[in-house]
Amino acid sequence: MSASPEPRPDVDREAIKAFFIAERGYWRPWTDTLLQIAPGFVQQYARYAGYPARTGPLTERMVELIYVGLDASSSHLFEAGLTTHMRRALDVGATHSDIVDVLHLVAVQGLASVCQASDILAELSGCGADTPAVDAPLQARIDSLGAAHALALNHVARLDPGYAEVLLDFIEQGRPAAGLTPPERSLVQLALHACFTAFNPGAVRQIVTMALSQGLSTAELQQAIQLGAHLAVHGTALGANVFRQVTAPTDPSKAA
């Protein structure tokens with residue numbers, strides 16, 4: 001096995017650690033491993049990952065709620081980050097209803113893909129033209145709720161109106177009575193659909209259109225988009241933890 005990189009003696013690791021904690025709010029075994037072998041990574045990652053959280057018009061509460069959604073998303077499921085950011089969200093003013101509202105949006109995230117796939121099915125099978133038109137009450141519900149959740153439900157409703165009904169019930173009645181405002185919900189949904197772990201360009205386009213109509217600024221939307229990129233470091237964290245294990249000195253007494 002090749003030798004581990006030698007730690008640089010001229011680097012102030014304690015200062016880098018303090019800077020990282022100030023920027024990111026945590027310190028874990030993987031950061032400690034990288035601090036010893038690649039302190040420049042730790043320092044520059046803290047600057048890069050901290051930038052979208054501290055630079056932009058979104059409040060700290062909103063930033064933390066977006067992180068809650070990203071870490072809880074079924075495309076990521078990162079419990080350590082979710083615990084950190086949920087606690088911080090509550091510390092900076094988020095309510096229990098805010099948290100549940102975000103988790104409701106996490107559950108709704110997959111529905112945009114169902115709608116897109118149903119559109120493709122209707123187009124290629126030709127069955128959309130042969131199915132009955134959506135009845136007026138259901139169409140009114142689709143018009144009221146669909147756009148705000150990036151859901152193009154017309155083909156779903158024609159192919160399976162019962163599914164469209166229960167889906168809309170979940171969107172409308174599954175969230176807490178109090179919680180996020182409609183623009184705040186758009187910010188969370190934009191971050192979810194823009195994140196590389198589940199990038200959905202069609203949904204992003206629909207949500208940005210809705211968000212702009214709600215009065216959100218380009219700067220607010222850009223900040224929400226940027227918050228998701230550095231989730232990729234969780235792969236680095238896994239690699240650093242495994243690196244620490246495979247390069248640990250072997251106890252000769254335990255060798256076979």
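Rules behind the numbers
- Residues numbered from 1 in each chain as written.
- Predicted model: local features only at pLDDT ≥ 70, side-chain atom pairs only at ≥ 80, totals over all residues.
- Heavy atoms only, no water.
- Helix = DSSP H or I, 4+ residues; strand = E, 2+ residues; numbered from the N terminus.
- Buried < 20%, exposed > 50% of the residue type's maximum accessible area, 1.4 Å probe, protein only.
- Contact = heavy atoms within 4.5 Å.
- Areas by Shrake-Rupley, 256 points an atom, 1.4 Å probe, with all protein chains shown as cover.
- Lys, Arg positive; Asp, Glu negative; His and termini not counted.
- Charge placed at Lys NZ, Arg CZ, Asp CG, Glu CD.
- Salt bridge = Lys/Arg side-chain N within 4 Å of Asp/Glu carboxyl O.
- Phe/Tyr/Trp six-rings, centres within 6.5 Å; stacked < 30°, edge-to-face > 60°.
- Lys NZ or Arg CZ within 6 Å of the ring centre and 35° of its normal.
- Patch = residues over 30% accessible without salt bridge, like charges linked within 9 Å, V, L, I, M, F, W, Y side chains within 5 Å.
- Polar contact = N/O pair within 3.5 Å; in protein donor to acceptor, adjacent residues only side chain to side chain.
- Axes fitted to C-alpha atoms, helices over the stretch in contact; angles between N-to-C directions.
- Parallel < 35°, antiparallel > 145°, perpendicular 65-115°, else oblique.
- Nonpolar A, V, L, I, M, F, W, Y, C, P; charged D, E, K, R; others polar.
- Arc of directions from axis to C-beta.
- pLDDT = per-residue confidence, 0-100.

## Notes on the overall build of the chain
- A count of helical and extended segments in the chain gives 14 helices and zero strands.
- Beginning at the N terminus, the succession of helices and strands in the chain can be written as α-α-α-α-α-α-α-α-α-α-α-α-α-α.
- With the principal axes as the frame, the chain shows a C-alpha extent of 75 × 45 × 30 Å.
- Counting across all 256 residues of the chain, residues that qualify as buried make up 41%.
- In the chain, 74% of the contacts between residues at least 6 apart in sequence involve partners at least 24 apart.
- As displayed, the chain has an accessible area near 13100 Å², and 59% of this comes from carbon and sulfur atoms.
- Where the 17 positive side-chain charges of the chain centre and where its 25 negative ones centre are 8 Å apart.

## Considerations on the pattern of salt bridges
- Counting across every chain of the model gives nine salt bridges.
- Ionic pairing is found between Arg54 and Glu23, a salt bridge with its closest N-O pair at 2.7 Å. With Arg54 in helix 3 (residues 39-54) and Glu23 in helix 1 (residues 13-24), this residue pair connects regions lying 31 residues apart in the sequence.
- Arg54 gets classed as partly exposed once you look at its relative accessible area, which sits at 47%.
- A salt bridge links Asp101 to Arg185, with the nearest nitrogen and oxygen atoms 2.1 Å apart.

## Focus: the packing of aromatic side chains
- All chains considered together, the criterion is met by seven aromatic pairs.
- Residues Phe20 and Tyr26 carry aromatic rings whose centres are separated by 5.3 Å and whose planes lie at 85 degrees to one another, so their mutual orientation is edge-to-face. The residues Phe20 and Tyr26 share a single accessibility class, namely buried.
- A network of ring pairs unites the aromatic residues Phe20, Tyr26, Trp27, Trp30, Phe41, Tyr45 and Tyr48 as a single cluster.
- The ring centre of Tyr26 lies 4.3 Å from the NZ or CZ of Arg28, which sits over that ring.

## Details of a nonpolar patch on the surface
- A cluster of nonpolar residues, Val114, Tyr163 and Val166, forms a patch on the protein surface that exposes about 230 Å² of accessible area.
- In this fold, Tyr163 is placed in helix 10 (residues 161-173).
- Here Tyr163 falls in the partly exposed class, since its relative accessible area comes to 33%.

## Section: the side chain of His193
- Secondary-structure assignment places His193 in helix 11 (residues 182-194).
- If we ignore the near neighbours within four places in the chain, the residues touching His193 are Gln109, Ala112, Ala198, Phe199, Asn200, Ala203, Val204 and Ile207.

## A look at the environment of Val68
- Its location among the elements puts Val68 in helix 4 (residues 60-72).
- Classification of Val68 as buried rests on a relative accessible area of 0%.
- As a C-alpha pair, Val68 and His149 span 81 residues in sequence and 18 Å in three-dimensional space.
- Ignoring sequence-local partners within four residues, the contact set of Val68 consists of Leu82, His85, Met86, Ala89, Ile99, Val102 and Leu103.

## Focus: the side chain of His104
- Residue position: His104 is located in helix 6 (residues 96-108).
- According to the relative accessible area criterion, His104 is buried, its value standing at 5%.
- One polar contact links the side chain of His104 to the main-chain carbonyl oxygen of Phe170, over a distance of 2.9 Å.

## Observations concerning the packing of helix 2 (residues 29-37) against helix 14 (residues 233-246)
- Here helix 2 crosses helix 14 at 70 degrees, and the two axes come no closer than 8 Å. Judged on the interaxial angle alone, helix 14 and helix 2 are roughly perpendicular. For the pair formed by helix 2 and helix 14, the contact residues are Pro29, Trp30, Thr33, Leu34 and Ile37 on the first element and Val233, Thr236, Ala237, Ala240, Asn241, Phe243 and Arg244 on the second.
- Its residues assigned to classes, the contact of helix 2 with helix 14 comprises eight nonpolar, three polar and one charged.

## Description of helix 8 (residues 136-145)
- Taken together, the buried positions of helix 8 are occupied by Leu138, Arg141, Ile142 and Leu145. Along helix 8, the residues classed as buried sweep out an arc of 100 degrees about the axis, all on the same side. Residues Ala136, Asp143 and Ser144 are exposed on helix 8 and point more than 90 degrees away from its buried face.
- Structurally, helix 8 contributes buried residues whose contacts are with helix 9 (154-159) and helix 10.

## Topic: the confidence of the model for the chain
- Considering every residue of the chain, the mean pLDDT works out to 91; 93% of them sit at 70 or more.
- Per-element confidence in the chain is highest for helix 13 (residues 218-226), whose mean pLDDT is 98, and lowest for helix 8, whose mean pLDDT is 90.
- This model gives residues 1-6 a pLDDT under 50, and the stretch forms six contacts once residues within four places in sequence are excluded.

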